[in-house]
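Fold and contact review
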Amino acid sequence: IIITIQRGVFSMNLFSYDSLFSRFLYFVADIVTLHILWLIYSIPIVTIGASTTALYYSCMKRIRTGEGYVSKNFRRSFRENFRQSTIIWMILLITVTVFICDLRIGMALDSTAGTFMLVSCSVFLIPLLLLCIYIFPVQAKFENPVFENIKNALIMSIRHFPCSLLLIAIYGTIIILSFSFPPLAGLLLCCGAGLIGYITSNIFVYIFRKYVPDELENDLEASGEHFE
């Protein structure tokens, strides 16, 4: 009888709201939900910027306060940031397209002009890469005009260069392993956007707290209220 009671108590503790197992299940559900929302809201292609901003907003909110309303947060951020995020996305899309075209032309030209174009592309490659990594988390966090956020994204990426290298390493590792390790590719198909967004959001939360001094204290209060 004692053993049965102990097993029953263990089962109740295992599936209680505050147990590690339950929190893990909620975490997995949130990651999958964010992945699906990002895919659905990105289908028109032109909305990828807004959906990526919403993804980072939801991930950072969950990390900071433990708040689990990821669907609500995603939709709210998508609506509020749609205009600016779409403008940013179109700017990036045009810039990357021009960059790729210049790179292909430079590789095709066997002359001084071709070499000059390749060197120019190499110079702008790192700033463009850093901008692509930082801009949507910055847009999700700070309410500024479009070009102000673009400027701040570039400044932050340089000021926190070790974190930028870590982010590049994370993205690079995921890309390489997705081609060489099939199980990871399968995992990314199921929850890739949510998982990558959550992993990288931890770094952005660390960076952004340096610009919002009272955020940590406020988050701890909000987190305490959430788990009471």
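This one's a predicted model, so the numbers in the text were calculated from it and none came from an experiment.

**Here we look at the overall build of the protein chain**
In terms of helices and strands, the protein chain carries 9 helices and 0 strands. Element order for the protein chain, N to C, with α for helix and β for strand: α-α-α-α-α-α-α-α-α. Scored against the burial criterion, the 228 residues of the protein chain give a buried share of 38%. Partitioning the intrachain contacts of the protein chain with sequence separation of at least 6 by distance along the chain shows that 71% fall at a separation of at least 24. A total of about 13,600 Å² of accessible surface is found on the protein chain, and carbon and sulfur atoms cover 71% of it.

**Notes on the side chain of Asn81**
Mapped onto the elements, Asn81 comes out in helix α4 (residues 70-108). With residues up to four places along the chain from it excluded, the contact list for Asn81 reads Thr53, Thr86 and Gln139.

**Digging into the nonpolar core**
Within the largest apolar cluster, 34 residues are counted, with the highest numbers of intra-cluster contacts made by Met60, Leu92, Tyr134, Ile135, Phe204 and Phe208. Breaking this core down by element, the ones donating at least two residues are α3 (48-65), α4, α5 (112-141), α6 (146-159), α7 (161-180) and α8 (182-208). In terms of residues, this core owes the most to one element, α5, which gives 9 residues. Every residue in contact with Ile135, bar those within four places of it in the chain, is listed here: Ile88, Leu92, Asn149, Ile150 and Ala153. Among the nonpolar cores identified, the runner-up in size contains 13 residues, and Ala50, Ala54, Leu55 and Tyr198 belong to it.

**Concerning the confidence of the model for the protein chain**
Parts of the prediction with low pLDDT should not have their coordinates interpreted in detail. With 89% of its residues at a pLDDT of at least 70, the protein chain reaches an overall mean of 88. The least confident element of the protein chain, judged by mean pLDDT, is helix α1 (residues 2-14) at 52; the most confident is α6 at 96.

**Digging into the pattern of salt bridges**
In total, this model carries 3 salt bridges according to the counting rule given. Among the salt bridges present, the one from Glu80 reaches Arg76, with a minimum N-O distance of 3.3 Å. Of this pair, Glu80 and Arg76 are both found in helix α4, 4 residues apart, which corresponds to roughly one turn of the helix. Accessibility expressed as a relative area gives 56% for Glu80, which makes it exposed. Arg76 sits in the partly exposed class, given a relative accessible area of 37%. Notably, a salt bridge pairs Glu148 with Lys151, separated by 3.4 Å at the nearest N-O pair. On the criterion of helical spacing, the pair formed by Glu148 and Lys151 is a turn pair, its members being 3 residues apart in helix α6. The class of Glu148 is partly exposed, set by a relative accessible area of 31%. A residue is classified by how much of its surface remains accessible, and Lys151, at 42% relative accessible area, is partly exposed.

**A short note on unusual backbone geometry**
Despite not being glycine, Ile45 shows a phi value in the positive range, around 70°. With respect to the helices and strands, the residue Ile45 is situated in the loop between α2 (20-42) and α3.

**Some remarks on a nonpolar patch on the surface**
Where nonpolar side chains cluster on the molecular surface, the patch consists of Phe21, Phe24, Leu25 and Val28 and spans about 340 Å² of accessible area. Among the secondary structure elements, Val28 is positioned in helix α2.

**Considerations on the packing of α4 against α5**
Packing of α4 against α5 brings their axes to within 9 Å, and their N-to-C directions diverge by 160°. Here α4 lies roughly antiparallel to α5, going by the angle between them. Considering the relative orientation of α4 and α5, their crossing is left-handed. Taken together, the residues that form the contact of α4 with α5 break down as 18 nonpolar, 7 polar and 1 charged.

**Let's talk about the packing of aromatic side chains**
Within this structure, the stated rule accounts for 8 aromatic pairs. Seen in terms of ring centroids, Tyr41 and Phe74 are 5.2 Å apart; in terms of plane orientation they differ by 65°. Their pairing is edge-to-face. Of the two residues, Tyr41 is situated in helix α2 and Phe74 in helix α4; the sequence distance between them amounts to 33 residues. Taken together, a centroid distance of 5.7 Å and an interplanar angle of 90° make the contact between Tyr56 and Phe204 edge-to-face. Remark: Phe204 occurs in helix α8 and Tyr56 occurs in helix α3; sequence separation between them is 148 residues. For the pair shown, Tyr56 and Phe204 are each scored as buried.

Procedures and definitions
Residues numbered from 1 in each chain as written. Predicted model: local features only at pLDDT ≥ 70, side-chain atom pairs only at ≥ 80, totals over all residues. Heavy atoms only, no water. Helix = DSSP H or I, 4+ residues; strand = E, 2+ residues; numbered from the N terminus. Buried < 20%, exposed > 50% of the residue type's maximum accessible area, 1.4 Å probe, protein only. Contact = heavy atoms within 4.5 Å. Areas by Shrake-Rupley, 256 points an atom, 1.4 Å probe, with all protein chains shown as cover. Core = buried A, V, L, I, M, F, W, Y, C linked by side-chain atoms within 4.5 Å. pLDDT = per-residue confidence, 0-100. Salt bridge = Lys/Arg side-chain N within 4 Å of Asp/Glu carboxyl O. Patch = residues over 30% accessible without salt bridge, like charges linked within 9 Å, V, L, I, M, F, W, Y side chains within 5 Å. Axes fitted to C-alpha atoms, helices over the stretch in contact; angles between N-to-C directions. Parallel < 35°, antiparallel > 145°, perpendicular 65-115°, else oblique. Left-handed = near helix turned anticlockwise from the far one by under 90°. Nonpolar A, V, L, I, M, F, W, Y, C, P; charged D, E, K, R; others polar. Phe/Tyr/Trp six-rings, centres within 6.5 Å; stacked < 30°, edge-to-face > 60°.

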